[in-house]
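Commentary on secondary and tertiary structure
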Amino acid sequence: MLMNLLLRDILGREAFETTYRSIAMKEVTSIENDSRRVTPDTLFIAASGYIDDAHPYITDAYERGCRMFLVDETQQDIWQNRYIDAFFIGIPNIQRQLGKIASHFYDHPSMKLVVCGITGTSGKSTTAFVTYQALRKMGFHAGLIGTIEYRINDESFPAPNTTPDALMLQRFLAQMVEKKVEYVIMEVSSHALALGRLEGIDFDIMAFTNFSQDHLDFHKTMEEYFATKLSAIDLLNQSRKPKRIFIYNQDMNRAVEVLKHALSFPDIQLYSISLRDEKADYCATDIVLSSEGSSFRVKGIPFSIRMIGLTNVYNFTMAFAILAQWRLHLRAIAQSMSDITVKGRVEPVVGNGITAVIDYAHKPDALEKVLLTLRDTLREGGRLISVFGAGGDRDRTKRPIMGEISGKLADYTVLTSDNPRTEDPLAILAEIEEGIKRITKNYIIEPDREKAIFAALTMAKPGDIVLIAGKGHEDYQIIGKEKRHFSDREIVEKWFTQHGIPWK
Ligand SMILES: CC(=O)N[C@H]1[C@@H](OP(=O)(O)OP(=O)(O)OC[C@H]2O[C@@H](n3ccc(=O)[nH]c3=O)[C@H](O)[C@@H]2O)O[C@H](CO)[C@@H](O)[C@@H]1O[C@H](C)C(=O)N[C@@H](C)C(=O)N[C@H](CCC(=O)O)C(=O)O
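Each value, and the rule that gives it
Residues numbered from 1 in each chain as written. Predicted model: local features only at pLDDT ≥ 70, side-chain atom pairs only at ≥ 80, totals over all residues. UniProt positions renumbered as here; feature names shortened; annotations may be inferred. Helix = DSSP H or I, 4+ residues; strand = E, 2+ residues; numbered from the N terminus. Rg over C-alpha atoms; globule rule 2.2 N^0.38 Å. Buried ≥ 20, exposed ≤ 12 C-beta atoms within 10 Å, placed from the backbone. Contact = placed C-beta atoms within 7 Å. Pairing = 2+ DSSP bridges. Axes fitted to C-alpha atoms, helices over the stretch in contact; angles between N-to-C directions. Core = buried A, V, L, I, M, F, W, Y, C linked by C-beta atoms within 7 Å. Near = placed C-beta within 6 Å. Nonpolar A, V, L, I, M, F, W, Y, C, P; charged D, E, K, R; others polar. Domains from an automatic or database assignment. Expected span 1.5 Å × (residues − 1).

- Per an unreviewed UniProt entry, the protein is named UDP-N-acetylmuramoyl-L-alanyl-D-glutamate--2,6-diaminopimelate ligase, and its organism is Thermospira aquatica.
- On record in UniProt, under Cofactor (unreviewed entry), the comment for the protein is "Mg(2+)".
- Word for word, the UniProt comment on the protein under Function (unreviewed entry) is "Catalyzes the addition of meso-diaminopimelic acid to the nucleotide precursor UDP-N-acetylmuramoyl-L-alanyl-D-glutamate (UMAG) in the biosynthesis of bacterial cell-wall peptidoglycan."

1. Some details on the overall build of the protein
- The helix and strand inventory of the protein stands at 18 helices and 25 strands.
- Relative to a compact globule of 504 residues, whose C-alpha radius of gyration would be 23 Å, the protein shows 25 Å and is just as compact.
- Principal-axis analysis of the C-alpha atoms gives the protein an extent of 80 × 55 × 40 Å.
- For the protein, the residues scored as buried account for 49% of the 504 residues in total.
- By sequence separation, contacts in the protein at least 24 residues apart represent 68% of the contacts at least 6 residues apart.

2. Side note on the UniProt feature "binding site: ATP" (unreviewed entry) in the protein
- Residues annotated in UniProt with the feature "binding site: ATP" (unreviewed entry) correspond here to Gly-120, Thr-121, Ser-122, Gly-123, Lys-124, Ser-125 and Thr-126.
- Examined against the element boundaries, Ser-122 turns out to sit in the loop between β7 (114-119) and α6 (124-137).
- Note that Gly-123 resides in the loop between β7 and α6.
- Given 24 C-beta atoms within 10 Å, Gly-123 falls into the buried group.

3. Let's talk about the sheet that holds strand β22 (residues 443-445)
- What the six strands build is an open sheet, ordered β18-β19-β23-β20-β21-β22; its pairing is mixed. Of all the strands in the sheet, the pair left with one neighbour each is β18 (347-351) and β22. The sheet shows a mean angle of 15 degrees between the axes of neighbouring strands, direction not considered.
- Judged from the five bridges that link them, strand β19 (residues 354-359) and strand β23 (residues 465-469) form a sheet pairing that is parallel. Following the sheet pairing, Ala-356 is matched in β23 by Val-466.
- Helix α17 (residues 449-459) rests against β19, β20 (384-388), β21 (412-415), β22 and β23 of the sheet, and its axis sits at about 175 degrees to β20.

4. Quick notes on the nonpolar core
- Formed by 144 residues in total, the largest nonpolar core has its most connected members in Val-466 and Leu-467.
- The greatest single-element share of this core, amounting to nine residues, is contributed by helix α12 (residues 310-324).
- When neighbours within four sequence positions are excluded, Val-466 is seen to be in contact with Ile-354, Ala-356, Val-357, Ile-385, Val-387, Ala-456, Leu-457 and Ala-460.

5. Things to note about the site of the ligand
- Near the ligand lie 18 residues; those nearest to it are Asp-34, Ser-48, Tyr-57, Asn-161 and Ser-189.
- Among the residues making up the shell around the ligand, the classes are represented as five nonpolar, nine polar and four charged.

6. Concerning the domain arrangement of the protein
- The domain boundaries assigned to the protein delineate domain 1 (5-104), domain 2 (108-337) and domain 3 (347-498).
- Each of domain 2 and domain 3 has a C-alpha centre, and the two are 29 Å apart.
- Counting residues at the interface gives ten residues for domain 2 and 13 residues for domain 3.
- For the side of domain 2 that touches domain 3, the secondary-structure elements that each account for two or more residues are β15 (282-290) and α12.
- When grouped by side-chain class, the residues that make up the side of domain 2 that touches domain 3 number four nonpolar, four polar and two charged.

7. Looking at helix α7 (residues 166-178)
- Compared with the 18 Å implied by 1.5 Å per residue over 13 residues, the 19 Å span of α7 between its first and last C-alpha is a close match.
- For α7, the buried fraction is high: ten of the 13 residues fall into the buried class.
- Within the sequence span of α7, burial applies to Ala-166, Leu-167, Met-168, Leu-169, Gln-170, Arg-171, Leu-173, Ala-174, Met-176 and Val-177.
- After α7 finishes, the residue Lys-180 shows a positive phi value of roughly 65 degrees.

Written as structure tokens, this is what we have:
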């Protein structure tokens, strides 16, 4: 993507009429905040959604030949005195301005796209993926930005972050415009909101899935975390799109406060989803859950989906509510959703009545939630078998807690390795065992993850569910310092294939 602009046009004429006259007409061929990508005609912006204060790579960019720098005004003199043959332009609060400058440089890509943000503690990845996938199935050009991957139509890119840095984000949106994308679905993480990564994006829709405790290492208090999440609505309000829509889950914690905040912006249109209140704009009714999928109705339209559990009824109802705003045929939306599964998120692989479920849950509360979800869908006499471990060189306190949870909620557990990293896999497993042995004797320990998955599937009978938790969409295992290819999904498929069982 080639964009050339004069420095004066990137930063606004006023400053250049006075302070920066000598460089106003300099041509800028790229803007970067990564020193490894600079050229002599790059404007290096010393800001990133990851670094709070001064950018540590200015010297590196200078040594690579870059001579135009945008820095926080508090840093300008320091740098200008150090490198007198370069230009250092100071602007206030650079971190917050990065997105707006990038948006201007790339000619405001979000104004040429329909942009939907999805925020909330959980459900963001699944809701975003389902919405994107339904659009693709209905034949639209669509983009996705989220934890699992980034996509432009069917082209996939690795996701460094749930919501990337403002510059990467604007550049990616500009690529979407080039590739004729019409709709963009993006996860809006609370880190991104707090660090200003979303400034300069003009949203059409913001959806709020739910709210519970998370990320307290970053936000410090629940109030701060909640306030950050609420700021997604402020962001929607700042959008220059003529019609702005906020959709929220009215069954969630603190829904009343969310509604109150949204109501403080009279220009925003509001819609609600619910599984309980038929007065909600999009209420799922007639819900039937099973280990092979779920069915329900919204606005009289019947849905039959492959994804399991009540949480997914919420996710699909939200995706439907989003898609319904774009005047798409409601039955076509429901039909497009019937076959969608999401990599590593309660992802089912079903064969001969046995349901293997691959899920990313690797913390106690997530493991508990997914086990409870799956228990709800078991048919009479069906058993729940769980396979999981815990990562090495990370929080050890969770190990016995996860053992206890599986001991209580699964009928049988196969303890195995996650990413043991540099720890002894058996020592990790012994710590998980501390928890499970207090509850039950129904478990085995098999440190080889492939053998553990095989063991669990081999003991399963039709009607049983085998949960394989911890790694989800990851396609590697870290043993020692080595990262080896490993995919839970591939192992499950291998087992079904070896046993001559057709699977879906
Ligand atoms: C703690 C943290 O925020 N880390 C982020 C950080 O990693 P790092 O500190 O190792 O990065 P770095 O390589 O020093 O680069 C930092 C900056 O310097 C620049 N740089 C770097 C090297 C160099 O030679 N020159 C240079 O200019 C980079 O372009 C970047 O702007 O910068 C990386 C991008 O370069 C991020 O991918 C990485 O996010 C990690 C993966 C992360 O986990 N971040 C969390 C806090 C996060 O943002 N999470 C949220 C929410 C997740 C959720 O949904 O639960 C998210 O949106 O992802």
